[in-house]
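# Architecture at a glance
Listed here are the chains, written in short residue letters.
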Amino acid sequence: MIEGQTLDGFAQIAQGMNLPPLEVTITRADLVRYAGAADDYVAQHWDQPMMLAAGFEDVVVHGWLGFAHMCRCVTNWAAPTVATIDSYRVRYLRPLYPGRVTCGGIVEEASADKARLALWAQNIAGDKVTIADLVLRPVS
Amino acid sequence: MTDRDEADLERAAHIKSLPDSKSGSASSTALPTGGNHVDIDPRMVVIRYVEAGALRKFARATGETNPMFIGADGSDGKAERLMAPPTYVATLCEGLAGVFKPHPEHNMFLHTADTVVNYEPIYAGDTITAKAESRGLEHKIGSRGPTIVERGLVTLTNQYGRTVATVEVEMRSFSTDATGRGND
């Protein structure tokens, strides 16, 4: 298969494959929408005066929202009918502010019953803001 | 964040020890009940019915377009057995409010890590019991000065009594000045 294409089956996953990158612009409206859907009203995500007073550039994107887009990068490539997300470990390295974010990843290990991916999200300045290890299993 | 902090986080995140075995904490994380004299903050246990509309709302808020998560075009999601998107577990962690106890002088906290193990999918129509517990805290001197790192674990169990996922969340609290740096 051509690297970057959507998978037809788990067996196509090979070490070193790059996931098709996903570019997203996260707006303040997205944060409001996510806060309502996730019931997450922590002030860091909506109280700009508080965040500016504390020295941050802006309100910060919910970590889980940024990671949800990283997961979309995975499920757009390996649909839930092909692979299931078994586990993941995600680290929020630095605050992600509303704006452009690019998500990507690479297959670090692949076997018949497991694939381990290294995922990342970077801001418009090119800084990695979030990284994750994620394990996929074939849908049985 | 200093380069050293970032390097530490990079290393931590790439440890090749994601929980492959699912024989771990699932059965050992239930909170004491019955005759135990253990104080449990009632906020630490949350029971939620997973409603199809709420699942769709969450899926759309995270940009999902997959019909497995949002239903087919024109449907209301009720006729299908919608599956929860990968990060839906985040919405079931509010019990951590009874776990995390930032230092009263800390005016800021940030969510810094999550570790999730999925055992079974969550579907619309499920009733999930989420039990939160502390996984301890550490005092550190970080790039923002004195920092408390707290970890909490949430175990999600469905209406059949089966563990569907465990979610470990890490938060860091600290005190900032107008530069965003620590007040140390």
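Residues numbered from 1 in each chain as written. Chains lettered and ligands numbered in written order. Predicted model: local features only at pLDDT ≥ 70, side-chain atom pairs only at ≥ 80, totals over all residues. Heavy atoms only, no water.

Turning to the overall build of chain B, a few remarks are in order. A count of helical and extended segments in chain B gives 3 helices and 5 strands. When the elements of chain B are put in sequence order from the N terminus, they spell out α-β-α-α-β-β-β-β. Per-residue burial over chain B gives 46% buried out of 184 residues. In chain B, of all internal contacts separated by at least 6 residues, the share reaching a separation of at least 24 is 69%. Counting every atom, chain B has about 9,100 Å² of accessible surface; 53% of that belongs to carbon and sulfur. (Helix = DSSP H or I, 4+ residues; strand = E, 2+ residues; numbered from the N terminus. Buried < 20%, exposed > 50% of the residue type's maximum accessible area, 1.4 Å probe, protein only. Contact = heavy atoms within 4.5 Å. Areas by Shrake-Rupley, 256 points an atom, 1.4 Å probe, with all protein chains shown as cover.)

This model, assessed by the stated rule, comprises 4 aromatic pairs over all chains. Ring centres 5.7 Å apart and planes at 55 degrees place the aromatic pair Tyr34 of chain A and Phe58 of chain B in the tilted group. Separated into two different chains, Tyr34 of chain A in helix α1 (residues 28-38) and Phe58 of chain B in helix α2 (residues 52-61) make up a pair that spans both. The class for Phe58 of chain B is buried, based on a relative accessible area of 0%. Note on Phe67 of chain A and Tyr88 of chain A: the rings are 4.7 Å apart at their centroids and 45 degrees apart in plane angle, and the pair reads as tilted. Here Phe67 of chain A, found in helix α3 (residues 63-77), pairs with Tyr88 of chain A, found in strand β2 (residues 83-92); they are 21 residues apart in sequence, far enough to count as distant. As far as burial versus exposure is concerned, Phe67 of chain A and Tyr88 of chain A are alike and both buried. Three or more aromatic residues joined by ring pairs make a cluster, and in this case those are Tyr34 of chain A together with Phe58 and Tyr88 of chain B. (Phe/Tyr/Trp six-rings, centres within 6.5 Å; stacked < 30°, edge-to-face > 60°.)

Facing 51 residues of chain B, the contacting portion of chain A comprises 46 residues. Counting the surface lost from both chain B and chain A, the interface buries some 4,200 Å², and carbon and sulfur atoms represent 57% of this. If you look at where chain B meets chain A, you find 2 salt bridges. A salt bridge links Arg91 of chain A to Glu170 of chain B, with the shortest nitrogen-to-oxygen separation between them at 3.0 Å. (Buried area = accessible area lost by both parts, 1.4 Å probe. Salt bridge = Lys/Arg side-chain N within 4 Å of Asp/Glu carboxyl O.)

Take Glu108 of chain A: it is sitting in strand β3 (residues 99-110). Sequence-wise, Glu108 of chain A and Ala83 of chain A are 25 residues apart; in three dimensions their C-alpha atoms are separated by 16 Å.

We now examine the pattern of salt bridges. Counting across every chain of the model gives 14 salt bridges over all chains. The partner of Asp30 of chain A in a salt bridge is Arg33 of chain A, and the shortest N-O contact between them spans 2.8 Å. In this pair, Asp30 of chain A and Arg33 of chain A are both assigned in helix α1, 3 residues apart and thus about one turn of the helix distant. A salt bridge links Glu168 of chain B to Arg135 of chain B, with the shortest nitrogen-to-oxygen separation between them at 4.0 Å. Taken together, the residues span a long stretch of sequence, with Glu168 of chain B in strand β5 (residues 163-174) and Arg135 of chain B in strand β3 (residues 127-142) at a distance of 33 residues. Assessed through its relative accessible area of 24%, Glu168 of chain B is described here as partly exposed. For Arg135 of chain B, a relative accessible area of 42% corresponds to the partly exposed category. One network of salt bridges, in which partners are shared, links Arg91 of chain A together with Glu138, Arg151, Glu170 and Arg172 of chain B.

Counting residues in each nonpolar core, the largest one holds 79 residues, and the members touching the most others are Phe67, Trp77, Leu134 and Leu136 of chain A together with Leu156 of chain B. For this core, the element with the highest residue contribution is α3 of chain A, accounting for 8 residues. Each residue touching Phe67 of chain A, except ones within four places of it in the same chain, is listed here: Tyr88, Val90, Tyr92, Leu119, Ala132 and Leu134 of chain A together with Thr87 of chain B. Membership of the second largest hydrophobic core comes to 5 residues, among which are Phe69, Ile70, Met83 and Tyr123 of chain B. (Core = buried A, V, L, I, M, F, W, Y, C linked by side-chain atoms within 4.5 Å.)

This part is about the confidence of the model for chain B. All names here are of chain B. On average, chain B scores 78 in pLDDT, and the residues at 70 or more come to 69%. Note that pLDDT drops below 50 for residues 1-21; the model gives that stretch 44 contacts with residues more than four away or on any other chain. Contacts from residues 23-38, a stretch scored under 50 in pLDDT, to residues over four places away or in other chains number 15 contacts. Both scores are available for the predicted complex, with the pTM at 0.84 and the ipTM at 0.94. (pLDDT = per-residue confidence, 0-100.)

As a further point, take the state of the cysteines. Linking two cysteines covalently via their sulfur atoms produces the bond known as a disulfide. Enumeration according to the criterion identifies 0 disulfides over all chains in this entry. In this structure Cys73 of chain A is not part of a disulfide, and its nearest cysteine sulfur, from Cys103 of chain A, lies 6.1 Å away. The thiol of Cys93 of chain B is not disulfide-bonded; the next cysteine sulfur, from Cys71 of chain A, is found 14 Å away. (Disulfide = S-S within 2.5 Å.)

For the rest of this paragraph, the subject is α1 of chain A. Burial in α1 of chain A covers these residues: Asp30, Leu31, Tyr34, Ala35, Ala37 and Ala38 of chain A. Once α1 of chain A finishes, Asp39 of chain A follows within two positions and takes phi at roughly 60 degrees, a positive value.

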